[in-house]
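So the chains spell out like this:
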Amino acid sequence: MSDPETESPWRKFWDELRRRGVIRAAIVYAIVGWVVIEVASVVLPALNVPQWSVALVIVLVALGFPIAIMMGWMFDVSPQGLKRTPPIGSERPPPQIEAAPAAAPVAMRSSASSVAPVDVSKPAAKPESDRRTIAVLPFLNMSGDAENEYFSDGIAEEILNLLSKLPQLKVASRTSAFNFKGKEVSIPIVARELGVSTVLEGSVRRAGDHVRITAQLIDADSDSHLWSETYSREMKDVFAIQDDIAHSIVKALQVTLTPQERRSIQFVATSDPEAYDYYLRGRNYMYSMARRDYHHAIQMFEQAIGVDSKYALAYAGIADAYSHLYRYMEATQDNVERANRASEQAVALDADSAEAHASRGLALFISEQYEEAQREFETAVTRNPNLFEAWYYYGLASSSQGNFPKAAELYMKASEVNPSDFQAPLFLAQAYASLGRKHDEMKVRLGALNTIERHLRLNPHDTRALYCGAQNLWRVGEHAKAMELAERALRQDQNEPLVLYNVACFYVEQGDRERAVELLEKAVEMGWGDLAWMKNDSDLYPLHDNERFKALLSRIQS
């Protein structure tokens, strides 16, 4: 992928020629002209016409070339006929960004005071045919300092999150788009892999309190620019830059927004660039799913709150970190209490934030307050139907209760929001297995093979993808490859309780129950303690009569 910040005027001119179809017109005209000349040179002498007639054809073809170029510059051929090509940027005037009221330091409040339960039988967003598709790639870090990688990634992710709030857009997930980080892949190939028609790429150069951000929106079919801009501002203006980019993309894609939707893509979570910087650092730590990084994330979120005490998303980040620690590594009551306190504060500060309600739902889920968790998840998906985590965690909560029919519906919704995710389909297959729907289970598992394979091809060291892939491959009969992936996962993170638990599930399926119980015992010893999940995990059903497994459950319960 190109570096947009260092593009020369000649490159921009070349891109404009491609956008207008001039290059295509020139190539087509040259081919047709050559065919006409070749035919004339053979046919005309045979008809005994004057010798100069061939030369006349050549001259006419040559004279027609600049006319064809001019026509290619001025007009496009569309299904509706010949249309004048708009100059770049003419249909996209700079967006008028509405200022948030000074009294609202977090997301804008809506007038709705109550939330109706979500009908999960209805689509999460508008019909696919009505939605524009876009992927936001990780922005290049041009700062010359690898330490700033979190910042360039965070800028791209914030823009992705803003666009995801719009029902008119289908935005490729962060996980899917960021798979291409550092990969030398052309935009058309990226778009085809992600199933989108447009791609946003960019770069970030940061030096002290100054930041330079370049962004460009590219049409995948023509590999040409729909919009591009370079912003050179102080760090305090980074929020306005993100707003401007989001609004410019909306205009470039010719999406009409309601006033409420226009407000929803204004970045107002915090007005302090220092707090925002700490928040991006914290979120960057969250993606590794490692114990030490969850603790690092909490430290960064706490520093963000130290700068801006009303930063709701930072409180939501703390709540998520403690919830994940409880579920996967440190099953202590202290983590549950901390998750609940932080999530309560997040919702209190920003009742309109889908992320805050999803975090609150997750904290209530680990507290086994399932009815309250359900209300929070329903609020989250109402606020933002494109928030994958809300559907996904809602599904996990339903599975923990043994409500597999509802869990299956929720996992399907999560997969609709993020088709490139490999986790939701596997939990869907597990829900089908618990319901005895073997045919549906196998359909989902076979359909997930390509998704997992593509993810591992781009991320060969992703431990979660390795053990999830192992379980899925074993179920569809590819036992040798499944064993290889499971052992790789264990070698990479043999001291992580989450890895031990999931590889244990793999050995249950393989029939090696002693090895499975051994790994489960080690997982519990190292901090695993999600009792509700273990009791309802269909992968562990064959162990329910195992005395060591019963003792393990009693140990967690006590």
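All of the points below concern the structure found in this document. (Residues numbered from 1 in each chain as written. Predicted model: local features only at pLDDT ≥ 70, side-chain atom pairs only at ≥ 80, totals over all residues. Heavy atoms only, no water.)

## Overview of the overall build of the chain
Move 1: Within the chain, the regular secondary structure consists of 24 helices and eight strands.
Move 2: Per-residue burial over the chain gives 52% buried out of 558 residues.
Move 3: When the accessible area of the chain is evaluated, it comes to approximately 25300 Å², of which 54% is carbon and sulfur surface. (Helix = DSSP H or I, 4+ residues; strand = E, 2+ residues; numbered from the N terminus. Buried < 20%, exposed > 50% of the residue type's maximum accessible area, 1.4 Å probe, protein only. Areas by Shrake-Rupley, 256 points an atom, 1.4 Å probe, with all protein chains shown as cover.)

## Things to note about unusual backbone geometry
Move 1: With phi around 55°, Asp223 is a residue other than glycine that occupies positive phi space.
Move 2: Tracing the sequence through the fold places Asp223 in the loop between strand E7 (210-219) and strand E8 (224-234).
Move 3: The phi torsion at Glu368 lies on the positive side, around 60°, for a residue other than glycine.
Move 4: Overall, Glu368 belongs to the partly exposed group, its relative accessible area being 47%.

## Comments concerning helix H22 (residues 513-525)
Residues spaced three or four apart along an α-helix face the same direction, because each turn holds 3.6 residues.
Move 1: Compared with an ideal rise of 1.5 Å per residue, which puts 13 residues at 18 Å, H22 spans 18 Å between its outermost C-alpha atoms and is within 8% of the ideal.
Move 2: Turning to H22, its buried residues number three or more, namely Ala516, Val517, Leu519, Leu520, Ala523 and Val524. Axial view of H22: buried residues confined to an arc of 165°, hence all on one face.
Move 3: As for H22, its buried residues are in contact with helix H20 (479-492), helix H21 (497-510), helix H23 (531-536) and helix H24 (547-557).
Move 4: At the C-terminal side of H22, Gly527 shows a positive phi close to 130°. (Expected span 1.5 Å × (residues − 1). Arc of directions from axis to C-beta. Contact = heavy atoms within 4.5 Å.)

## So, the nonpolar core
Here is a general trend for soluble globular proteins: nonpolar side chains tend to be buried in one another's company.
Move 1: Ranked by internal contacts, the top residues of the largest apolar core, which has 168 residues, are Phe139, Leu200, Ile245 and Met534.
Move 2: Among the elements that make up this core, the one with the highest residue count is helix H11 (residues 312-328) (twelve residues).
Move 3: By size, the runner-up hydrophobic cluster in this structure holds five residues, among which are Leu44, Val54, Val57 and Val61. (Core = buried A, V, L, I, M, F, W, Y, C linked by side-chain atoms within 4.5 Å.)

## Comments concerning helix H4 (residues 149-164)
Move 1: Between its terminal C-alpha atoms H4 stretches 23 Å, which fits the 22 Å expected from 16 residues at 1.5 Å a residue.
Move 2: Burial analysis of H4 places 14 of its 16 residues in the buried class, the great majority of the element.

## Quick word on the state of the cysteines
Move 1: Within this structure, the stated rule accounts for zero disulfides.
Move 2: Of all cysteine sulfurs in the structure, the one in Cys505 sits closest to Cys468, which takes part in no disulfide; the separation is 10.0 Å. (Disulfide = S-S within 2.5 Å.)

## Quick word on the packing of H20 against H21
Move 1: Where H20 meets H21, the closest approach of the two axes is 10 Å, and the angle between their N-to-C directions is 155°. In terms of orientation, H20 lies roughly antiparallel with respect to H21. Of the two possible hands of crossing, H20 and H21 adopt the one that is left-handed. Each of Ala482, Met483, Ala486, Glu487, Ala489 and Leu490 in H20 lies in contact with H21, whose residues at this interface are Val499, Leu500, Val503, Phe506, Tyr507 and Gln510. (Axes fitted to C-alpha atoms, helices over the stretch in contact; angles between N-to-C directions. Parallel < 35°, antiparallel > 145°, perpendicular 65-115°, else oblique. Left-handed = near helix turned anticlockwise from the far one by under 90°.)

## Describing the packing of helix H9 (residues 273-286) against helix H10 (residues 291-307)
Move 1: Their axes nearest at 8 Å, the elements H9 and H10 cross at an angle of 165°. Overall, the two elements H9 and H10 adopt an arrangement that is roughly antiparallel. As for how H9 packs across H10, the hand of that crossing is left-handed. Judged by residue contacts, Glu274, Ala275, Tyr278, Tyr279, Arg281, Gly282, Arg283, Tyr285 and Met286 of H9 engage Asp293, Tyr294, His296, Ala297, Met300, Phe301, Gln303, Ala304 and Val307 from H10.
Move 2: Grouping the amino acids of the contact of H9 with H10 by side-chain chemistry returns eleven nonpolar, three polar and four charged. (Nonpolar A, V, L, I, M, F, W, Y, C, P; charged D, E, K, R; others polar.)

## What to know about the packing of aromatic side chains
Move 1: Using the criterion set out here, one finds 15 aromatic pairs in the structure.
Move 2: An aromatic cluster of at least three residues, connected via ring pairs, comprises Phe388, Tyr392, Tyr393, Tyr411, Phe427 and Trp533.
Move 3: The residue whose ring lies beneath Arg174 is Tyr287, and the NZ or CZ to ring-centre distance is 3.6 Å.
Move 4: Between the NZ or CZ atom of Arg327 and the centre of the ring of Trp533, over which it lies, the distance is 5.5 Å. (Phe/Tyr/Trp six-rings, centres within 6.5 Å; stacked < 30°, edge-to-face > 60°. Lys NZ or Arg CZ within 6 Å of the ring centre and 35° of its normal.)

Keep in mind these numbers describe shape, not what the thing actually does.
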